[in-house]
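One-letter residues, chain by chain:
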Amino acid sequence: MESKTFQKIELARSQFCAAERQLVLSTLKTVVELLEHVLSNNVEVVLHDMTLPESSVIALANGHVTGRALGDSILAGPKGDVGFTEAFKKLNEHGDHNSVIASYHTVAKSGLALHSSTAIFRDSDGIPYAALCFNSDMTIPQAAYSWLSKMLNKDITPISKTASAQHQPAQVDTLMEDIIDSAINAHAKPLAQFSKEDKIAAVATMQSNGIFVVRGGVNRAAKALGVTRFTIYNYLDELKKRSQPN
């Protein structure tokens, strides 16, 4: 009897959290639509459903900044996105509050320098399920600063070169291959000469780029490194232990 009661309570809680998530996501979609009419076109706003990593982009304003579109993968975002690095770390963690990772630098795949911030939303069980990201193209502000610096005879901050590109949806498979290749090639030696630490470092790089939240990421990483998928899980456990305070 107690078991059935517990199951009913858990089912009710699960249904509540699911409804709560949908309500918040629906509200945030409206916010993104509003911001598109308020912000200048150099600021991209992206809403991610973290439970759908293969097609996480569910709302988007000014997608031309990073060249993304609705339905794009979570892997299609800017390089060096510490917001999502933190989000990936928190996917298996519970917390009482939403998180804000504010004011950090990223680079769009076109080479465009961006100024970014991310808010991570949790449900009543403390599980992260959504992320609202802002990515600002700093080209015009930097150009204005450069011009004003010249007028005032002050030092000039270098301006990042921009590269315009029309959106071409990147396949998840291609994105995963790029992440894996970059992680392996960063060691400047053949894979056959990789030590265990080299492989753990490569896995850490892959993890920071979000590959392991996408279906098939573990298997692809294992195949590329010449190890089993269980070894990849062991490496991830080791990285988790190392990140914890002593």
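Our subject is the structure that appears above.
Every value quoted in this text rests on a predicted model; they were computed, and no experiment measured them.

Right, let's get into the overall build of the chain. Counting secondary structure elements, the chain contains seven helices and five strands. Walking the chain from its N terminus toward its C terminus, one meets helices and strands in the order α-β-β-α-β-β-β-α-α-α-α-α. Residue burial in the chain is summarised as follows: out of 246 residues, 39% are buried. Within the chain, counting contacts between residues at least 6 apart in sequence, those at least 24 apart form 53% of the total. When the accessible surface of the chain is totalled, it reaches about 14,600 Å², and 54% of it is carbon and sulfur.

Take the pairing of strand β5 (residues 128-137) next. The buried fraction of β5 is high, at nine of ten residues. For strand β1 (residues 43-49) and β5, the ladder comprises seven bridges, and the chain directions are antiparallel. When the bridges of β5 are listed, E44 appears paired with N135. One ladder, built from nine bridges, connects strand β4 (residues 113-122) with β5; its direction is antiparallel. Pairing of S116 across the sheet is with N135, part of β5.

Let us look at the nonpolar core. Judged by nonpolar contacts, the single largest core of 33 residues is most densely connected at L75, V203, M206, I211, F212, L225 and I232. Of all elements in the fold, only β2 (57-61), β5, α4 (172-185), α5 (196-208), α6 (217-225) and α7 (229-243) reach the threshold of two or more residues within this core. The residues touching L225, leaving out its near neighbours within four places in the chain, are I184, L191, K199, A202, V203, M206 and I232. Formed by 13 residues, the second largest nonpolar core is a distinct cluster that contains L35, L47, A119 and F121.

Turning next to α5. Here α5 is 13 residues long and its end C-alpha atoms lie 18 Å apart, about the 18 Å a rise of 1.5 Å per residue gives. On its buried face, α5 is in contact with α4, α6 and α7. One or two positions beyond α5, positive phi appears at G210, with a value near 85°.

By the secondary structure assignment, S56 is in the loop between β1 and β2. C-alpha separation for the pair S56 and A76, spaced 20 residues apart in sequence, amounts to 9.7 Å. The residues contacting S56, other than those within four sequence positions of it, are L47, H48, D49, D72, S73 and I74. Side chain to side chain, S56 and H48 meet in a polar contact 2.7 Å long.

Moving on, we get to the sheet that holds β5. Strand order in the open sheet made by the five strands is β2-β1-β5-β4-β3, with antiparallel pairing throughout. Every other strand in the sheet has two partners, leaving β2 and β3 (99-107) as the edge strands with one partner each. Each adjacent strand pair in this sheet contributes to an overall mean axis angle of 20°, direction not counted. Note that β1 and β2 share four bridges and pair antiparallel.

To continue, consider the side chain of N42. Position of N42 relative to the elements: it lies in the loop between α1 (2-38) and β1. N42 sits in the buried class, given a relative accessible area of 17%.

Direction vectors running N to C along α4 and α5 enclose 145°, while the axes themselves pass 9 Å from each other. Note on packing geometry: the crossing formed by α4 with α5 is right-handed. Residues I179, I180, A183 and I184 of α4 lie in contact with α5, whose contacting residues are A202, T205 and M206. Here the contact of α4 with α5 is composed, by residue class, of six nonpolar, one polar and no charged.

Here is what the cut-offs are and how they apply
Residues numbered from 1 in each chain as written. Predicted model: local features only at pLDDT ≥ 70, side-chain atom pairs only at ≥ 80, totals over all residues. Heavy atoms only, no water. Helix = DSSP H or I, 4+ residues; strand = E, 2+ residues; numbered from the N terminus. Buried < 20%, exposed > 50% of the residue type's maximum accessible area, 1.4 Å probe, protein only. Contact = heavy atoms within 4.5 Å. Areas by Shrake-Rupley, 256 points an atom, 1.4 Å probe, with all protein chains shown as cover. Pairing = 2+ DSSP bridges. Core = buried A, V, L, I, M, F, W, Y, C linked by side-chain atoms within 4.5 Å. Expected span 1.5 Å × (residues − 1). Polar contact = N/O pair within 3.5 Å; in protein donor to acceptor, adjacent residues only side chain to side chain. Axes fitted to C-alpha atoms, helices over the stretch in contact; angles between N-to-C directions. Left-handed = near helix turned anticlockwise from the far one by under 90°. Nonpolar A, V, L, I, M, F, W, Y, C, P; charged D, E, K, R; others polar.

Shape descriptors only; they carry no functional weight alone.
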